[in-house]
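# Analysis of the macromolecular model
Each chain is listed here by its residues.
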Amino acid sequence: MLSHFFVLSPRGDTIISKDYRGDSPSGATEVLFRRTILWSTCHTAHGTVPPVFKVNDVTYIWVKKYGLMFACNTRFNLSPSLVIELLHRIVRVFKDYCGVLNEETIRKNFILMYELLDEVIDFGYPQGTSTELLKASVYNEPLLVDAQRLRVRPLSTKSTPSSSVHKPISGSKTTIGTSGLSRGKNEIFVDILEHVTMLFSPSGSLVNSTIDGCIQMKSYLSGNPELKLALNEDLVVGKRGAYGTVVLDDCNFHECVRLDDFETSRLLSFVPPEGEFVVLNYRCAGNFRVPFQVQPQIVETSPFQLEVTVLVRSEIPHTNYGSDVTMTIPCPRNTAGASGTAPSQAAIGHSIDYDAQSRKLVFRAKKFQGGAEITFRARITTSSVCTAQLRKEIGPISLTFEIPMYNLSNLQVKYLRIAEQSKDYNPYRWVRYITRSSSYVCRCG
């Protein structure tokens, strides 16, 4: 059971605070904020702030979403994974009702936020996080905030078709009356999201690779019609298929999905609930097509200087590109200085920085076109003579990126239809594919 739920801004200001049991210590919000800010200085061996930690017999659990800290504390022995999942679901409920979730929308809709918290959690016990069920007991309407004015960054101009995805669920759906459909705009958004985990050896060969993906949907259809979603006919689940088939090691479906025709025709039937929900979660492992090939090389140019050369080659099709590509190279502990260069024509909007506090070289590119190559060169100056042990402290190299309209597993949505569609009912269907890096690492030696 939870004692206290609160939301903090990046500055540490308390935006929402709900004490459910009265046993939360005074200044709990300040304790969490100070611990997260000062964690790297107090725990030099572990620079990353953990999502769960304990202070004076009080356990603090927090997640960071949309630039805000959603946190809670408890004096009881709870499952951390359960509480983290609950926090993520509360964030999703907030976003469903507000459309755009940030500090301003929460401040403008704080009455609605507290009403939602009263329904989701009662005396510290979770009750329900279904947006569809909450609509029956939540009566406050959200105050809309313009997403464009708040500069909500889309995933890419190529993959974001409409700003309607930021609409709140309250009042967004129209109803079917006796005179026919109302004039509300019927839309449905489908995202195929994949998070890639890959590990490369120092020679650039692939050691292991996994994909964690999901089919996410947000519906603004009037009348709650039944939908039919068709996937690849050559989809194989749980066993290795023939060459060229799409193989998923395991998958799970939303509770609203009916699987009557899934085994025969890979067809999913469901009535979409209110708000954003995940139709399908899946995971697969194997030798996939590598989106970015990484080949590092370390050469000792002088007793006090090392030259690091990293060749990054984009293996995605020429019609696609990687956005917000960031490559990070950790440097040795006795690094006195470092600098790097990269061809200006290889990437659009690139920059190279050296963070002396964390001892990391960081290369950033806003756009990395498919089929292109970048040869990154960096010179690391050390305060002592270079040794074999010193060279081992370089790396591992990590990449973060996002590739719109592309996925590695080849899972495709063949069509999305309404089961009983009338002639005057033709909703807009928006489908996009997004691949993001989860852990993309290359060893240096």
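Residues numbered from 1 in each chain as written. Predicted model: local features only at pLDDT ≥ 70, side-chain atom pairs only at ≥ 80, totals over all residues. Heavy atoms only, no water.

The next subject is the environment of K360. For K360, the location among the structural elements is in strand β23 (residues 360-369). Overall, the relative accessible area of 34% leaves K360 in the partly exposed class. Sequence separation between K360 and T335 is 25 residues; the distance between their C-alpha atoms is 9.8 Å. The contacts of K360, once residues within four sequence positions are left out, are T328, I329, P330, D353, Y354 and D355. (Helix = DSSP H or I, 4+ residues; strand = E, 2+ residues; numbered from the N terminus. Buried < 20%, exposed > 50% of the residue type's maximum accessible area, 1.4 Å probe, protein only. Contact = heavy atoms within 4.5 Å.)

Along the chain, K95 falls in helix α2 (residues 80-98). With no salt bridge to any partner, buried K95 finds its closest opposite charge in E276, at an N-O distance of 4.3 Å. Here K95 is in contact with Y66, L101, K218 and E276, once residues within four sequence places are set aside. (Lys, Arg positive; Asp, Glu negative; His and termini not counted. Salt bridge = Lys/Arg side-chain N within 4 Å of Asp/Glu carboxyl O.)

What follows deals with the pairing of strand β25 (residues 397-404). When you tally the buried positions in β25, you get six out of eight residues, the bulk of the element. As defined by bridge partners, strand β20 (residues 321-330) adjoins β25 across four bridges and the pair is classed as antiparallel. Looking at the pairing, M327 lines up with L399 of β25. Relative to strand β27 (residues 428-442), β25 runs antiparallel, the two sharing six bridges. Residue pairing in the sheet places I397 in a bridge with C442 of β27. (Pairing = 2+ DSSP bridges.)

This brings us to the environment of E187. Mapped onto the elements, E187 comes out in strand β10 (residues 187-200). A residue is classified by how much of its surface remains accessible, and E187, at 0% relative accessible area, is buried. With 35 residues separating them along the chain, E187 and S222 place their C-alpha atoms 9.0 Å apart. Engagement of the side chain of E187 in a polar contact is seen with the side chain of W430, the distance being 3.3 Å. (Polar contact = N/O pair within 3.5 Å; in protein donor to acceptor, adjacent residues only side chain to side chain.)

Once that is clear, we can look at the pattern of salt bridges. Summed over all chains, the structure comprises 17 salt bridges. With its nearest N and O atoms 3.7 Å apart, the salt bridge here joins E307 to R379. A residue pair is termed long-range when its members are at least 10 positions apart, and E307 in strand β19 (residues 305-314) and R379 in strand β24 (residues 373-382) qualify at 72 residues. R379 sits in the partly exposed class, given a relative accessible area of 47%. Each member of the salt-bridge network shares a partner with another, and the members are R11, D13, E103 and R107.

Helix length check: α2, at 19 residues, gives a terminal C-alpha distance of 27 Å against a target of 27 Å (1.5 Å per residue), a fit within 8%. Looking only at α2, the buried set comprises V83, I84, L86, L87, I90, V91, V93, F94, K95, D96, Y97 and C98. Of the residues flanking the end of α2, it is G99, one or two places downstream, whose phi is positive at about 80 degrees. (Expected span 1.5 Å × (residues − 1).)

Moving on, we get to the packing of α2 against helix α4 (residues 110-120). Contact geometry for α2 and α4: axes closest at 11 Å, N-to-C directions at 135 degrees. Comparing the axis directions of α2 and α4 gives the class oblique. Taken as a pair, α2 and α4 cross one another with a handedness that is right-handed. Along its contact with α2, which presents L86, I90, V93, F94, Y97 and C98, the element α4 presents L112, M113, L116, L117 and V120. (Axes fitted to C-alpha atoms, helices over the stretch in contact; angles between N-to-C directions. Parallel < 35°, antiparallel > 145°, perpendicular 65-115°, else oblique. Left-handed = near helix turned anticlockwise from the far one by under 90°.)

Taken in spatial order, the nine strands line up as β15-β17-β11-β10-β27-β25-β20-β23-β22 in an open sheet, and their pairing is mixed. Single-partner strands in this sheet number two, and they are β15 (250-253) and β22 (351-355). Each neighbouring strand pair of the sheet contributes to a mean axis angle of 15 degrees, computed without reference to strand direction. Sheet topology note: the β10/β27 ladder contains 14 bridges and is parallel.

Turning our eyes to something else, we now look at the packing of aromatic side chains. One pass over the full model with this rule turns up eleven aromatic pairs. Judged by centre distance (5.1 Å) and plane angle (85 degrees), the ring pair of F401 and Y440 falls under edge-to-face. Separated by 39 residues along the polypeptide, F401 in strand β25 and Y440 in strand β27 bring together distant segments of the chain. In this pair, the class of F401 matches that of Y440, namely buried. Feature note: the residues F200, F292, F368, F401 and Y440 constitute an aromatic cluster, connected by ring pairs. (Phe/Tyr/Trp six-rings, centres within 6.5 Å; stacked < 30°, edge-to-face > 60°.)

Within the fold, C72 resides in strand β5 (residues 68-74). Sequence spacing of C72 and I61 is eleven residues, and the spatial spacing of their C-alpha atoms is 5.6 Å. For C72, the residues in contact, after removing those within four places along its chain, are L2, H4, F5, F6, T59, Y60, I61, V83 and L87.

Turning our eyes to something else, we now look at the sheet that holds strand β26 (residues 413-418). Taken together, the three strands give an open sheet; going across it, the order is β16-β12-β26, and neighbouring strands pair in antiparallel fashion. Edge positions in the sheet fall to β16 (267-270) and β26, since each has one partner strand and no second. Adjacent strand axes in the sheet meet at a mean angle of 15 degrees when their direction is disregarded.

Turning our attention to the confidence of the model for the protein chain. For residues with low pLDDT, the predicted coordinates do not support detailed interpretation. Of the residues in the protein chain, 86% reach a pLDDT of 70 or more, and the chain-wide mean stands at 84. Strand β8 (residues 176-177) is the least confidently modelled element of the protein chain, averaging 38 in pLDDT, while strand β1 (residues 4-8) averages 96, the highest of any element. Low confidence marks residues 150-164, where pLDDT is under 50. Its contacts with residues over four positions away, or in another chain, come to 34 contacts. Low pLDDT, under 50, characterises residues 171-183; the predicted model gives this stretch 20 contacts beyond four residues in sequence or across chains. (pLDDT = per-residue confidence, 0-100.)

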